[in-house]
Amino acid sequence: FGDSDDVSRQLNQVSKLIKLRKSLSSERDVFVITHGGYDTHNDAGDVFKGKMDQVNAGLTSFVAEMKAQNIFENTVLVSTSDFGRTLTSNGQGTDHAWGGNYFVLGGGVKGSKILGRYPDKLGSDSSLNIGRGRILPTTSWEAMWNGLAEWFGVVPSKIDEVLPNK
């Protein structure tokens, strides 16, 4: 893990706690890290690229450590955000929007798939574009929690109670 970025420092700490799972008698744990500073209305991409470089560095180290601990097959990472971004510029950067992208990764995750429907068109003539590049989501963000809820022991008949907006 590098010490130069916040994501690596946080994931390094999480990996240390995971390493203690047996002595803590832990069956399943949930850890939350934060990585702010994405609300860049006046950035043409340099700040965002730097943020993505930090996420990549942290995830690369974390995955390697989970594999070294022989627990990657039982590890799931989920990214979330409180908002998406417009596809069009405000003249200096982008503004808040609805549709966004999240990812789920882990050793047992069947990757390389998109949950939901990617829009046929992204331009102003798209039925999902409500103006200025604000795209309406086609799938609730809660839908990605379906498999994780089952992993935590929620029986299929109770999924709709746990995730009413999925």
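Here, the structure is the one placed above.
Definitions and limits used
Residues numbered from 1 in each chain as written. Predicted model: local features only at pLDDT ≥ 70, side-chain atom pairs only at ≥ 80, totals over all residues. Heavy atoms only, no water. Patch = residues over 30% accessible without salt bridge, like charges linked within 9 Å, V, L, I, M, F, W, Y side chains within 5 Å. Areas by Shrake-Rupley, 256 points an atom, 1.4 Å probe, with all protein chains shown as cover. Salt bridge = Lys/Arg side-chain N within 4 Å of Asp/Glu carboxyl O. Helix = DSSP H or I, 4+ residues; strand = E, 2+ residues; numbered from the N terminus. Buried < 20%, exposed > 50% of the residue type's maximum accessible area, 1.4 Å probe, protein only. Contact = heavy atoms within 4.5 Å.

S.K.: Can you walk me through a nonpolar patch on the surface in this structure?
M.R.: Residues Leu17, Leu20, Leu24 and Phe31 make up a contiguous nonpolar surface patch of about 330 Å² in total accessible area. You can see Leu20 is positioned in the loop between α1 (6-19) and α2 (46-68). Overall, Leu20 belongs to the partly exposed group, its relative accessible area being 41%.

S.K.: Is there a simple way to explain the pattern of salt bridges in this structure?
M.R.: Note that side chains of opposite charge can pair when their charged atoms are close. Inspection of the entire model under this criterion finds 8 salt bridges. The salt bridge involving Asp160 is made with Lys166; its shortest N-O contact spans 3.5 Å.

S.K.: Quick question: what am I supposed to make of the environment of Phe31 here?
M.R.: Within the secondary structure layout, Phe31 lies in the loop between α1 and α2. The spacing of Phe31 and Asn42 is 11 residues in sequence and 32 Å in space, taken between C-alpha atoms. Those residues in contact with Phe31, other than ones at most four positions away along the chain, are Val14, Leu17 and Ile18.

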